[in-house]
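Take a look at the letters that make up each chain.
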Amino acid sequence: MSDQETGPDDATPMGDNAMMPDSAQAPVEGPTRAGFVALIGEPNAGKSTLLNKMVGAKVSIVTHKVQTTRARIRGVAMEGAAQIVFVDTPGLFRPRRRLDRAMVAAAWGGAADADVVVLLVEAHRGLTDGVTAILEALRERVGPAQRVALAINKIDRVKAEVLLALSAKLNAAFAFEETFMISAERGHGVGALRAWLGGTLPEGPWFYPEDQIADLPMRQIAAEMTREKLTLRLHEEIPYQLTVETEAWEDRRDGSTRIDQIIYVARDGHKGIILGHKGETIKSVNVAARAEMVEFLGRPVHLFLQVKVRPNWLEESERYSEMGLEFKDGNA
Ligand SMILES: Nc1nc2c(ncn2[C@@H]2O[C@H](COP(=O)(O)OP(=O)(O)OP(=O)(O)O)[C@@H](O)[C@H]2O)c(=O)[nH]1
């Protein structure tokens, strides 16, 4: 293997789950639906983990930039013909010895305007004081048009009997419309919750054009960032003869993201140019592209770049579909 690699020092091997979920799209059928969903729960309940599972690779550009009048958007998921917009509930229900009602009122924020509120409860912790306080606030604040569902998370940590008893207890304390048993981390039950959310949102036009949401998988955006940095540093003809692909993506538990990309070049000579003297060119591309990814994703990024020579990459259909282009035989 003569491929060169650059990256940070902590080049740990990738786990089995390093690949991102498939970015294939479900066909759109029936009336369009759209709405806001607030995930609430005590700290550590698994809100971020669940959000990442449901939104997957398709973090929209708009989610990064737009502040809505309602609440900050954390992510957008497409479920068939439904557009699910997840809103932030900053600082909601931090545990306090004595619940400060005014504080909760001020923090209710996104949840107040959400079409659906999903309460996450940790299976092994059950009906804690914190959850009791949240239920009390829900009783007082949920509007007549709002739907409230329960998601018992971390089911991998408890036995089935415990789950059933907890579900009964929570449903006795609040009239949840639906109850889901999930493991946000492992993905169990997440599809069912997402499908229910999609089906329960009000009918209406999407808030964001489809091409801003579904057609911009993060892998592609990240590849485009690296390609842009290469273009800025290379002689004019080379950028047209290279392509960048994101080969692997791993959102790590420590909150960082590892991104592996391959730069395909058509000629051996170009490889040396991209690497530069002692690898300086590719290192500076790495630094610049990574900085942009960090800003975009809002989390630390470990970027690994490899250069590979593929004389025929321009003719390879696979490369075209990776770029989101259609490849027509004899038309390359
Ligand atoms: N065993 C298990 N752990 C999980 C599951 N879902 C989330 N976790 C873990 O629970 C911890 C908290 O998850 P987060 O998604 O950060 O929780 P959060 O509700 O966003 O937390 P805050 O940001 O503090 O409000 C992390 O260590 C997760 O890995 C699950 O289904 N099973």
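None of these values were measured; they are calculated from a predicted model.

Could you clarify how one ought to interpret the overall build of the chain in this entry?
The helix and strand inventory of the chain stands at 12 helices and 10 strands. Within the chain, counting contacts between residues at least 6 apart in sequence, those at least 24 apart form 72% of the total.

Would you mind showing me how to read helix 7 (residues 190–200) here?
Think of an α-helix as turning once every 3.6 residues; residues three or four places apart then point the same way. Residues V190, L193, R194 and L197 constitute the buried set of helix 7. The buried residues of helix 7 occupy an angular sector of 95° when projected down its axis, which confines them to one face.

What should I look at first to understand the site of the ligand in this one?
In the vicinity of the ligand lie 17 residues, with G46, K47, S48, T49 and E185 positioned nearest. Residue composition of the shell around the ligand, grouped by class: 3 nonpolar, 7 polar and 7 charged.

Mind showing me how you'd approach the nonpolar core here?
General note: in soluble globular proteins, nonpolar side chains tend to be found buried as a group. By size, the foremost hydrophobic cluster in this structure holds 45 residues, and its most contacted members are V37 and L119. Here the element with the most residues in this core is strand 5 (residues 116–122); it accounts for 6 residues. Those residues in contact with L119 that sit more than four places away from it in its chain are I40, G41, I134, V148, L150 and A151.

When you look at the environment of R310 in this model, what are you seeing that I'm missing?
Note on placement: R310 falls in the loop between strand 10 (301–309) and helix 12 (317–322). Distance in space between the C-alpha atoms of R310 and I263 is 9.7 Å, their sequence separation being 47 residues.

Just to check I follow, could you spell out helix 11 (residues 280–297) for this structure?
Helix length check: helix 11 (18 residues) gives 25 Å between terminal C-alpha atoms against 26 Å at 1.5 Å per residue, within 8%. Taken as a whole, helix 11 has its buried residues at I282, V285, N286, A289, R290 and M293. In a view along the axis of helix 11, the buried residues occupy a sector of 125°, so they form one face of it. In helix 11, the exposed residues that point more than 90 degrees away from the buried face are E280, V287 and E295. Taken from the residues just after helix 11, G298 is the one with a positive phi, measuring 70°.

Hey, could you run me through the environment of E42 in this one?
As for its position among the elements, E42 is in the loop between strand 2 (33–41) and helix 1 (47–55). Residues E42 and G130 lie 88 residues apart in sequence; the distance between their C-alpha atoms is 6.5 Å.

Where do I start with unusual backbone geometry in this structure?
Note: most residues except glycine have negative phi, and most peptide bonds are trans. A positive phi angle, close to 65°, is found at K154, a residue other than glycine. By secondary structure assignment, the location of K154 is in the loop between strand 6 (147–153) and helix 6 (160–173). Backbone geometry places K278, a non-glycine residue, at a positive phi of 55°. Examined against the element boundaries, K278 turns out to sit in the loop between helix 10 (268–275) and helix 11. For K278, a count of 7 C-beta atoms within 10 Å corresponds to the exposed category.

Help me understand the environment of Y264, please; the structure alone is not making it clear to me.
Counting through the fold element by element, Y264 comes out in strand 9 (residues 257–265). Residues Y264 and R310 lie 46 residues apart in sequence; the distance between their C-alpha atoms is 6.1 Å.

Could you clarify how one ought to interpret the confidence of the model for the chain in this entry?
Reading fine detail from the predicted coordinates is not recommended where pLDDT is low. Overall, the prediction assigns the chain a mean pLDDT of 76, with 68% of residues at 70 or greater. By mean pLDDT, helix 2 (residues 61–65) is the weakest element of the chain at 37, and strand 7 (residues 178–181) is the strongest at 98. For residues 57–71, every residue scores under 50 in pLDDT, and the model assigns this stretch 39 contacts once sequence neighbours within four places are set aside. Below pLDDT 50 for its whole length, residues 321–332 participates in 11 contacts with residues either more than four positions away or in separate chains.

Would you take a moment to explain the packing of helix 9 (residues 218–233) against helix 11 for this structure?
The angle between the axes and the distance between the axes are what describe a pair of packed helices. Contact pair helix 9 / helix 11: the axes reach a minimum separation of 9 Å and the direction vectors enclose 135°. The orientation of helix 9 relative to helix 11 falls into the category oblique. Considering the relative orientation of helix 9 and helix 11, their crossing is right-handed. Every residue of helix 11 that contacts helix 9 at A222, M225, T226, K229, L230 and R233 is listed here: T281, S284, V285, A288, A289, E292 and M293. Broken down by class, the residue content of the contact of helix 9 with helix 11 amounts to 7 nonpolar, 3 polar and 3 charged.

Would you mind going over the pairing of strand 7 with me for this structure?
Sheet faces and side chains relate simply in a regular strand, where the side chains alternate between the two faces. Examined bridge by bridge, strand 6 and strand 7 share 4 bridges and lie parallel to one another. Residue I152 lies in a different strand from strand 7, and its bridge partner there is M181. What joins strand 6 to strand 7 is helix 6, and the crossover it makes is right-handed.

Conventions adopted
Residue numbering note: each chain is counted from 1, following its sequence as written. Per-residue local features are limited, in this predicted model, to residues with pLDDT of at least 70; the limit for side-chain atom pairs, both in listing and counting, is 80 or more; totals at the level of whole chains, interfaces and linings are taken over all residues. Labels follow the DSSP assignment, with helices taken as runs of H or I lasting at least four residues and strands as runs of E lasting at least two, numbered in each case from the N terminus. By definition, residue pairs are in contact when their C-beta atoms, positioned from the backbone, come within 7 Å. We call a residue exposed when 12 or fewer other C-beta atoms sit within 10 Å of its C-beta, buried when the count reaches 20 or more, and partly exposed for counts in between; the C-beta positions come from the backbone. The directions from the helix axis to the C-beta atoms form the arc being described. Using a C-beta atom placed from the backbone, a residue is described as near a molecule or strand when that atom lies within 6 Å of it. Amino acids outside the nonpolar list (Ala, Val, Leu, Ile, Met, Phe, Trp, Tyr, Cys, Pro) and the charged list (Asp, Glu, Lys, Arg) are all regarded as polar, and Gly is one of them. A set of buried Ala, Val, Leu, Ile, Met, Phe, Trp, Tyr and Cys residues, joined to one another through C-beta atoms within 7 Å, is what we call a nonpolar core. To estimate how far a helix should extend, the number of its residues minus one is multiplied by 1.5 Å. Per-residue confidence from the predictor is reported as pLDDT, a score between 0 and 100. Note on definitions: angles span 0 to 180 degrees between N-to-C directions of axes, and those axes are lines fitted to C-alpha atoms, for helices only across the stretch in contact. Working rule for angles: under 35 degrees goes down as roughly parallel, over 145 as roughly antiparallel, 65 to 115 as roughly perpendicular, anything else as oblique. For a crossing to be left-handed, the near helix must be turned anticlockwise from the far one by less than a right angle; the clockwise case is right-handed. Here, any two strands with at least 2 DSSP bridges between them count as paired. Convention used here: a crossover is right-handed provided that the path from the first strand, over the helix, to the second strand proceeds clockwise when the strands point away from the viewer.

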